[in-house]
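One letter stands for each residue in the lines below.
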Amino acid sequence: MESSIKTAALYARVSTRDHGQDNENQLIALRAFCAKSGWTIAHEYVDRVTGKHSDRAQFQSMLGDASRREFDAVVTWALDRLSREGVAQTFEHIKVLLGYGVQFVSYQEPHFRTTGPAGELMIAIAAWIAQQERVRLSERTKAGLAKARKAGRVGGRPKLVV
């Protein structure tokens, strides 16, 4: 099925601009992968925002272009770069792409490609793991804030005195 892919769209995402995160590391590898596969890169979509919501500007732009069949596949570094919304929503995004005739390819995870026989099962497992990681991160953050409050630290902006 990968032989039917002629054009690809790259989708890269990092959660924040801070902490040294950069999409370029992903894009360099994805460009080389497409060149090695003989695929022309039609578009590059880059978001710098959390993957727990699908209202990301470049993500929505990618879906719109996919609906017009501007490319044959969406290539990401890993499944969690596409979405961290959980199994159902991640599957829905991939189902939408497949409905447009667009394949999903994970560079780091060949077993999560829709071009392979076990792709759907493995994508479900990975989407669940990504969602659980997001939940654990949220729980750790809340626990840290609760500890700080218990120690007397008041978070947030200073009160505005009028």
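Described in the following lines is the structure provided in the data block. (Residues numbered from 1 in each chain as written. Predicted model: local features only at pLDDT ≥ 70, side-chain atom pairs only at ≥ 80, totals over all residues. Heavy atoms only, no water.)

**What to know about the overall build of the chain**
What the chain contains, in helices and strands, is five helices and four strands. Of all 162 residues assigned to the chain, the portion counted as buried reaches 38%. Across the chain, contacts joining residues at least 24 apart in sequence account for 69% of those joining residues at least 6 apart. With an accessible surface of roughly 9,500 Å², the chain has 55% of that area assigned to carbon and sulfur atoms. (Helix = DSSP H or I, 4+ residues; strand = E, 2+ residues; numbered from the N terminus. Buried < 20%, exposed > 50% of the residue type's maximum accessible area, 1.4 Å probe, protein only. Contact = heavy atoms within 4.5 Å. Areas by Shrake-Rupley, 256 points an atom, 1.4 Å probe, with all protein chains shown as cover.)

**Focus: the sheet that holds strand E2 (residues 40-48)**
Taken together, four strands build an open sheet; the order of strands is E2-E1-E3-E4 and the sheet is parallel. This sheet does not close on itself; its edge strands, each paired only once, are E2 and strand E4 (103-106). Looking at each pair of strands side by side, their axes are set apart by 25° on average, direction ignored. Judged from the four bridges that link them, strand E3 (residues 73-76) and E4 form a sheet pairing that is parallel. Looking across to E4, one finds that Val74 is bridged to Phe104. Each of strand E1 (7-14), E2 and E3 is contacted by helix H2 (residues 57-67), which is oriented at about 150° to E2, the strand it contacts most. (Pairing = 2+ DSSP bridges. Axes fitted to C-alpha atoms, helices over the stretch in contact; angles between N-to-C directions.)

**Quick notes on the packing of aromatic side chains**
This model, assessed by the stated rule, comprises five aromatic pairs. Judged by centre distance (5.4 Å) and plane angle (70°), the ring pair of Phe33 and Tyr107 falls under edge-to-face. Pair noted here: Phe33 is in helix H1 (residues 24-37) and Tyr107 is in the loop between E4 and helix H5 (119-150), with a separation of 74 residues, a long-range link. Using a relative accessible area of 26% as the deciding quantity, one classes Tyr107 as partly exposed. Taking the centre distance of 6.2 Å and the plane angle of 65° together, the rings of Tyr45 and Phe71 count as edge-to-face. Placement of Tyr45 in strand E2 and of Phe71 in the loop between H2 and E3 is noted, with a sequence separation of 26 residues between them. When its relative accessible area of 0% is taken as the criterion, Phe71 is described as buried. Positioned over the ring face of Phe59 is Arg56, at 4.3 Å from the centre of the ring. (Phe/Tyr/Trp six-rings, centres within 6.5 Å; stacked < 30°, edge-to-face > 60°. Lys NZ or Arg CZ within 6 Å of the ring centre and 35° of its normal.)

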